[in-house]
Amino acid sequence: VLDFSLSRPYEEDAILYAELHEDYLRALRARIAYVNRLEGAAMKLKADGSLPKVRMDKERFQDALLDLLERLSSCEADETQIIATRDQGWACIRIEIPRADFYSCLDEGTMRFFERSFALCGGIIQRCCADGVQAIQIEFPPCDSLMTP
């Protein structure tokens, strides 16, 4: 997901080497319209190698997680930590931002939106406090068997 957030929906060379005026305008519009709110954000990923397999809608999860990270980037934190680990058998993604008023970035209506978004992809999102650090935690139940088509 983090790698996807760094990808760009345009090519720099398309602007420079466009042969037709319409191609140039299309490439220029795509470049001007693109804004990556995560660019320049300091993020640190810690991943536990023993995560269980989970059943999820990958595209919805990616969209919801990117939306959440973009909104949290407006908190102007020094560094966002994303910790992927196992918590009581569940796959858990905990997002920590070292800031006292971290939850002010996500009001109740926004949290309800994310509750529905992550539920649609198979997860549960909640606010939590671990070791005195405020965090957002997204959990997925383990999947013992995966069906293959």
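One structure accompanies this document, and this report is about it. (Residues numbered from 1 in each chain as written. Predicted model: local features only at pLDDT ≥ 70, side-chain atom pairs only at ≥ 80, totals over all residues. Heavy atoms only, no water.)

The next thing to look at is helix 5 (residues 108-120). With 13 residues, helix 5 should cover 18 Å at 1.5 Å per step; its first-to-last C-alpha distance of 18 Å lies within 8% of that length. Turning to helix 5, its buried residues are Thr 110, Met 111, Phe 114, Ser 117 and Phe 118. All buried residues of helix 5 lie within an arc of 120° about the axis, which places them on one face of the element. Seen from the buried face of helix 5, the exposed residues on the opposite side, beyond 90 degrees, are Arg 116, Ala 119 and Leu 120. The opening residue of helix 5, the one whose side-chain oxygen lies 3.3 Å from the backbone nitrogen of Gly 109, is Asp 107. Just downstream of helix 5 lies Gly 122, where phi reads positive at about 110°. (Helix = DSSP H or I, 4+ residues; strand = E, 2+ residues; numbered from the N terminus. Expected span 1.5 Å × (residues − 1). Buried < 20%, exposed > 50% of the residue type's maximum accessible area, 1.4 Å probe, protein only. Arc of directions from axis to C-beta. Polar contact = N/O pair within 3.5 Å; in protein donor to acceptor, adjacent residues only side chain to side chain.)

Attention shifts here to the pattern of salt bridges. Tallied over the entire structure, the rule returns 5 salt bridges. One salt bridge connects Arg 60 with Asp 57, and the closest N-O pair in it is separated by 3.7 Å. Here Arg 60 falls in the partly exposed class, since its relative accessible area comes to 41%. One salt bridge connects Asp 67 with Arg 71, and the closest N-O pair in it is separated by 2.8 Å. (Salt bridge = Lys/Arg side-chain N within 4 Å of Asp/Glu carboxyl O.)

Once that is clear, we can look at helix 4 (residues 58-73). In this model helix 4 runs 22 Å from its N-terminal to its C-terminal C-alpha over 16 residues, within 8% of the 22 Å that 1.5 Å per residue would give. By the burial criterion, the buried members of helix 4 are Phe 61, Ala 64, Leu 65, Leu 66, Asp 67, Leu 68, Leu 69 and Leu 72. The N-cap residue of helix 4 is Asp 57: its side-chain oxygen and the backbone nitrogen of Glu 59 are 3.3 Å apart.

The tally for this structure, following the rule as stated, stands at 4 aromatic pairs. In this structure an aromatic cluster arises from ring pairing among Phe 61, Phe 113, Phe 114, Phe 118 and Phe 140. (Phe/Tyr/Trp six-rings, centres within 6.5 Å; stacked < 30°, edge-to-face > 60°.)

With respect to the helices and strands, Phe 118 occurs in helix 5. For the pair Phe 118 and Phe 61, spaced 57 residues apart in sequence, the C-alpha to C-alpha distance is 6.6 Å. Discounting residues that sit within four places of it in the chain, Phe 118 has contacts with Phe 61, Ala 64, Leu 65, Leu 68, Gly 123, Ile 125 and Ile 138. (Contact = heavy atoms within 4.5 Å.)

Here the focus is the environment of Ala 135. Tracing the backbone shows Ala 135 in strand 5 (residues 133-140). For the pair Ala 135 and Glu 96, spaced 39 residues apart in sequence, the C-alpha separation works out to 4.6 Å.

Our focus in this paragraph is the nonpolar core. One recurring pattern in soluble globular proteins is that nonpolar side chains are buried together. Ranked by size, the top nonpolar core spans 20 residues in total, and within it Leu 68, Ile 95, Phe 118, Ile 125 and Ile 138 carry the most contacts. Elements supplying a minimum of two residues to this core: helix 4, strand 3 (90-96), helix 5 and strand 5. No other element matches the 6 residues that helix 4 contributes to this core. Among all residues touching Leu 68, those that are not within four sequence positions of it are Ile 95, Leu 106, Phe 114, Phe 118, Ile 125, Ile 136 and Ile 138. (Core = buried A, V, L, I, M, F, W, Y, C linked by side-chain atoms within 4.5 Å.)

With a phi close to 55°, Gln 88 is a non-glycine residue in the positive phi region. Position of Gln 88 relative to the elements: it lies in the loop between strand 2 (80-87) and strand 3.

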